[in-house]
Amino acid sequence: MSECPTELVYAETHEWARLDEDGNVLVGISDYAQDQLGDVVYVELPELDRSVGAAEEAGVVESVKAASDIYAPVTGTVVAVNDGLEDAPELVNGDPYGDGWLFAIEPADESELEDLMDAETYAEFCESAADADAGDVDDLVDGDELDESFSVDDD
Amino acid sequence: MADSMRTIFDLGRPGRAANAQVPPAESVEDLPAEMLRDDPPALPEVSELQAVRHYTNLSRANYSIDNQFYPLGSCTMKYNPRGAHRAAGARGFLERHPLAPEPLSQGFLACMHDLQEILQDVVGMPAVSLTPMAGAQGEFAGVAMIRAYHEARGDAARSEILVPQGAHGTNPATAAMCGYTVREVAVARDGDVDIGALEAAVGPATAGLMTTNPSTCGVFERRISEVARIVHDAGGLLYYDGANLNALLGKVKPGDMGFDVLHVNLHKTFATPHGGGGPGSGPVGAAERLADYLPGPVVGRGEEGYRWVEPPSSIGRLSAFMGNAGILIRALAYALMLGREGMHRVGEFATLNANYLARRLREAGFDLAYPDRRASHEFIVTLAAQNRRYGVTAMDFAKRLLDYGMHAPTTYFPLIVPECLLIEPTETESREEVDAFVNAMARILAEAATDAEVVKTAPHTLPLRRLDDVKAARELDLRWRAGTPSP
Amino acid sequence: MPFIPHTDADVAEMLAAIGVPDVESLFDEIPSALRSGEFTTVGDGLPEMEVLRRLGDRARRDETGPCFLGAGSYDHHVPAAVWDIAGRGEFMTAYTPYQAEASQGTLQLIYEFQTMMSELTGMDVCNASVYDGGSGLAEAVLMAVRANRRGARGDGSRVVAIAGNAHPLYVAATRTIVRNQGIEIVTLPHGEDGRVDPDALSRLPAPPTAVVLQQPNFFGLLDNVDTLTDRAHEVGALVVACVNPVSLALLKPPSLWGKGGGGGEGGKGGERGADIVCGDGQPLGVPMASGGPSFGFICTRQRLVRQLPGRIVGRTEDLDGRPGFTLTLQAREQHIRRAKATSNICTNQGLLVTAATVYMSLLGPAGLRNVAAACHARTLELVRALELPRCFEGPFFHECVLDVGRPAEEIVTALAERGVVAGLALGSYFPELAHGLLVCATEKRTGEEMRRFAQALAEVRNG
């Protein structure tokens, strides 16, 4: 089972969030999410100073076969983005809770963090999602994705 | 990239040229110097033989219908008759300018008019426009027509297009291009649309539903009339994605299933070549109430002969001219060769081959995704069990099939079936070819049980092994540059 | 039955294997009320010989004398080798190269194509093609709006200004395709000289998100693209260039339009030249063939590559480190991104790209330049031979608008009766140019053909 650090809180859309000492909320995607996505090849980050609402789309993480929207876990203003991902998107795979962070939000209301899951609840959430899909990978990370190389050409 | 397959740029030398193709130099001194190019583009500088040999050798690195069994589900990779190709190559067609005056175009226009009428007959609708240049453009036209229809009636609150789970990706992408949001409708265990889910999904926001039949699950949607009724009762319209029409050619007309608008993929059902990714052609057909919105131009017939006509409330033009005309000629030639009887046989033999292949694969130990259903022209095998047992994936099977000299079926589509292969043999493959495919699949299954590694690391017999897609996406190299080391 | 290989014995054995008595039983899941496969229009099947005879007769009816019509479709010489190669079954009857290991031919060819188009346009990257020039312009406009999503004013406005002398049918297709996406299209009017006035941009009510310029413009003229590109960038707009690829062997590539130095989002610190380049590839070895199939291309800067619609091929390595090619950046596309894809397009016009790639290889830089120069020289000759006043002065590439002194439609019709495809009567596209005839001469047109044209024209005008 994938790792879920207990000091973080998690969204159903598989972002993690952490309230830092500076008062900002750091955001990334969970170990489980990066594992489901596979090798990340590109990360589209929000623009600095952008206002985002809780659960609003704020970016995209792409693997070769999938693209998954990233949702802001809390309402606020984007105050930092992880520029290092431009040249090294693989950090999201290798260190999802550390150097693979995505962006930071200055929250409008810290209490929104209380609406997110703790590590234990999130781990159960992932497990039941995995069971429901019987090992299949579809639709685990909210967004648009496929579980493997894919070939259909309708038109 | 074998040594014989260096890039064309690696073969060039400054000052070399295919001299028979180079016209004499002429002055352009009347053109202002600041508008001219200082440095010539670094196009290849090769001899004619070098170019011919290079591209001939490249062609040999492809699998194709002419070389291999190509059971790519949803793509209808049937034989592309050479006669149709020859017909489109007639000088009068090839050299006709798209804006040539109508009096100089009666032969071409007559062909287009004939094809319109044949397609109307085939789909069971009163009007057809030939202009969409691919299935996805046909879809765009159809959904844009649905939108124009609702808007003309002042019915502007409709904002959603419904698609069944597992629809082709083009369906939601098209709906979005037409300014609609997309809502998915669940598919029941038997592969048909979940009627309860559909009833819950329709409402005043429903602009229409896009679906194909047989569905992307490879089975006939038995409750299609009920689906149509539910959508129509809610004020929505039905779009038929003609991707799977080959299964029904000569059996069922989409117009009779309650569809209001559709496209036909001529590069599938009408056997025009796929060309390594295109061109396609996706004519749209419309029921009476949508006919006026068809994209233009269409061909009309008057006392003075054939002429171009714009439908009165047309959504407009989709290309500079009138679509992929040369493909339309090929489709007409194919239709004429088939005739009435031949068209009936297409659906029958496509279905016969698919059901036979499905049965034999089942006997060989494979699981069908919908074992209790008849196959249409295609069917789905799920390798979920083999994946659990041996750790091999559908992609591994696909790559190993290449070693057996066959193109792979469609993999991982539709998304609702795990580890799936969507297999479409088409009517033009002989029983021996189908049997050979069964044998190859059976041998791969045996390999998976005894030596899974050979399957997981396939292909082994092609010039290259599996390619690193991650490197391709992370370190984008999208064009050759001087100094790129040649292998 | 045509193309169906089954013998009666095959059918019997296959049905027995399935366990059904007849083929009809395979359709037993279809409600009988829907079974209506009878045809009323489709006739009896015909052998290939008869089909070729019938369609051949029709094709012969459309054979004409020399073609002096251009307007987006050009009668160039196509080297014999081009379609000998493109017509090979291995190219023609393959499909999209999803199974990369079994598709290296198509993939490498597309990579070479992307390189050649990037070279011609001066851009960093090119896609594997889209349907045609008209729909390609629509895709380029949508791409520009995505790439400049904050809008020129930073308020997310979506206004696209298209030069009034861009191809009217391209603009029509663009309007159809972008209509439902909340994009406003405004016209950058051309002046009496047939070219876009450099000040036209500043007369727009607000700065646009993108500006579309065509070079050579629809009238064949070389337009003020340098000034216009800089002005567009100064107001924060992206520049979409719509070009004829053959002309680029001679003309300055769009990457070098203007001087650069403009500010604004679009200019990204004042990068010189167009941001997106599109056009139709028909002049590169593709027959006119009633307008299709042809192909559209879209080239752009590296920084915008993720907004590029359509397929893209990249070079990579296989498991053993050998170089090879594969489709890449697929996460932009409809089969993965579905409703959020850059476009619903799946097709690239692979067969035509094959022809164009062979064509560009055979012509090379010198050959293509000489073709372009020959077209220009022939058109100068044609204008002299026809002895008609020009509607617009100034340098042109290989098309020119002539004033025929009466509705040009009449001239076109009368010359058609003499087997000459005279050009395009502009009245139905530009009412103020009802007397304007747009003519074109490619490298194929001979002095004799021009004399014939001039003579027929004189007869019609004097008769």
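Draft legend 1. Examining empty space enclosed by the protein more closely. Residues and elements named next belong to chain C. Taken as a whole, this structure holds 14 cavities of 30 Å³ or more when the rule is applied. What the largest cavity holds in volume is close to 210 Å³. What lines the largest cavity is a set of 21 residues, and nearest its centre among them are Gly 72, Tyr 74, Gln 214, Val 243 and Asn 244. For the lining of the largest cavity, the secondary structure elements donating two or more residues are β4 (210-215), β5 (238-243) and β6 (276-280).

Draft legend 2. Just the packing of helix α5 (residues 106-123) of chain B against helix α2 (residues 48-61) of chain C, in detail. Look at α5(B) against α2(C): their axes get within 6 Å of each other, and the N-to-C directions meet at 135 degrees. On the basis of the axis angle, α5(B) is oblique to α2(C). On the side of α5(B), the interface is formed by Gln106(B), Gly107(B), Ala110(B), Cys111(B) and Asp114(B), while α2(C) contributes Leu55(C), Arg58(C) and Arg61(C). For the contact of α5(B) with α2(C), the residue count by class is three nonpolar, two polar and three charged.

Draft legend 3. Inspection of the confidence of the model for chain C at higher detail. Residues and elements named next belong to chain C. On average, chain C scores 95 in pLDDT, and the residues at 70 or more come to 98%. Note that residues 263-269 has pLDDT below 50 and, in this model, 16 contacts with residues that lie over four places away or in other chains. Predicted complex, confidence summary: ipTM 0.97, pTM 0.96.

Draft legend 4. Structural context of the interface of chain C and chain B. Contacts between chain C and chain B engage 181 residues on the former and 194 residues on the latter. Where chain C abuts chain B, roughly 16400 Å² becomes buried across the two surfaces, and 62% of that area is made up of carbon and sulfur atoms. Of all residues in chain C, the largest losses of buried area upon contact with chain B belong to Phe3(C), Tyr95(C) and Glu101(C), amounting jointly to 5% of the total for that side. Scanning the region where chain C abuts chain B turns up 13 salt bridges. Residue Asp477(B) pairs with Arg315(C) through a salt bridge whose shortest N-O separation is 3.8 Å. Linking chain C with chain B are 88 residue pairs in polar contact (both at pLDDT 80 or more), by the criterion used here. Split by residue class, the side of chain C that touches chain B holds 91 nonpolar, 55 polar and 35 charged.

Draft legend 5. Geometry of the pairing of strand β9 (residues 305-309) of chain B. All names here are of chain B. Where strand β8 (residues 298-302) and β9 come together, five bridges link them in antiparallel fashion. Across the sheet, the residue bridging to Val 299 is Trp 308, located in β9. Here β8 folds back onto β9 in antiparallel fashion, the turn holding two residues.

Rules behind the numbers
Residues numbered from 1 in each chain as written. Chains lettered and ligands numbered in written order. Predicted model: local features only at pLDDT ≥ 70, side-chain atom pairs only at ≥ 80, totals over all residues. Heavy atoms only, no water. 1 Å grid on protein atoms, 1.4 Å probe; cavity = no way out; pocket = protein on both sides within 12 Å on 5 of 7 lines; lining within 4 Å. Points joined across faces, edges and corners; volume = space filled by probe spheres on them. Helix = DSSP H or I, 4+ residues; strand = E, 2+ residues; numbered from the N terminus. Axes fitted to C-alpha atoms, helices over the stretch in contact; angles between N-to-C directions. Parallel < 35°, antiparallel > 145°, perpendicular 65-115°, else oblique. Contact = heavy atoms within 4.5 Å. Nonpolar A, V, L, I, M, F, W, Y, C, P; charged D, E, K, R; others polar. pLDDT = per-residue confidence, 0-100. Buried area = accessible area lost by both parts, 1.4 Å probe. Salt bridge = Lys/Arg side-chain N within 4 Å of Asp/Glu carboxyl O. Polar contact = N/O pair within 3.5 Å; in protein donor to acceptor, adjacent residues only side chain to side chain. Pairing = 2+ DSSP bridges.

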